[in-house]
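Structural characterization, general
Below are the chains, spelled out letter by letter.
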Amino acid sequence: MNLENQVVIDVEVEQIDTQSRESIERWYSTAQVQRILGLNKSALQKAIAKLQGIYGIDIKTLRRGGARATEYSQIALDAIELLNAQKFTELRHLVEKTPAASRASQPETLTIAEYTPALDRRIAELNQSATSNSASLNQNVMQLLEQIASENKAAQQRDSDLDTAEINAAQNRGAARALAVFQAEQKAQNEVLAQLRAMKLGGAE
């Protein structure tokens, strides 16, 4: 009898603990988060990237699942709301309260004095990467423009060569027609001279 009561009590305690954890670790769908925070998909992803990359929150603490089954935690919801409201002090306190096992491989909590240089370094790295990408892009654009200019020059040269060839062909056709006319005239003159000779010869007889 006591054993049965103990089993019932254990099951009830386990159910209470499970319900308590579920209420604390509440998760929201993407649509719910976007509706609550008033964000589109792009803004939501950028906020998550900042929380992970700059504030060092483990992505598993912020998000779980994938594709259409992606869910966001209550911590993510609260952190994004503070981030968008620019309440950075409260956000830092929230970050410091996240469980150590859920933080992104940070050996200790950064103080404000330590956090600011880390943020500055991150900004400098992003600026350097953007500058490098911009320089590489500019170089690619210049190479493409040079290639286009070279191809345009070659096309213009081909057009010029074609015009010259057409002019030469027209001149050749004109010369051929002039020669044919000259030859026809010469033939006619020869025929007339032959007739005159014949008539003279006939008169002499």
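Now for a description of the structure that goes with this document. (Residues numbered from 1 in each chain as written. Predicted model: local features only at pLDDT ≥ 70, side-chain atom pairs only at ≥ 80, totals over all residues. Heavy atoms only, no water.)

The complete set of buried residues in helix α5 (residues 74-84) reads Ala-76, Leu-77, Ala-79, Ile-80, Leu-82 and Leu-83. Close packing links the buried residues of α5 with β1 (27-29), α2 (30-37), α3 (41-53), α4 (59-62), β3 (71-73) and α6 (88-97). Looking one or two residues past α5, Gln-86 carries a phi angle of roughly 60°, positive in sign. (Buried < 20%, exposed > 50% of the residue type's maximum accessible area, 1.4 Å probe, protein only. Helix = DSSP H or I, 4+ residues; strand = E, 2+ residues; numbered from the N terminus. Contact = heavy atoms within 4.5 Å.)

This part takes up unusual backbone geometry. Positive phi values are uncommon outside glycine, yet Gln-86 reaches one of about 60°. Mapped onto the elements, Gln-86 comes out in the loop between α5 and α6.

Within the structure shown, the criterion is met by two salt bridges. The salt bridge involving Glu-71 is made with Arg-64; its shortest N-O contact spans 2.8 Å. Using a relative accessible area of 41% as the deciding quantity, one classes Arg-64 as partly exposed. Of the charged contacts in the structure, one is a salt bridge between Glu-125 and Arg-122, with a shortest N-O distance of 3.8 Å. One end of the pair, Glu-125, and the other, Arg-122, are both in helix α7 (residues 112-204), three residues apart, so they sit about a helical turn from each other. For Glu-125, a relative accessible area of 47% corresponds to the partly exposed category. A relative accessible area of 34% means that Arg-122 is categorised as partly exposed. (Salt bridge = Lys/Arg side-chain N within 4 Å of Asp/Glu carboxyl O.)

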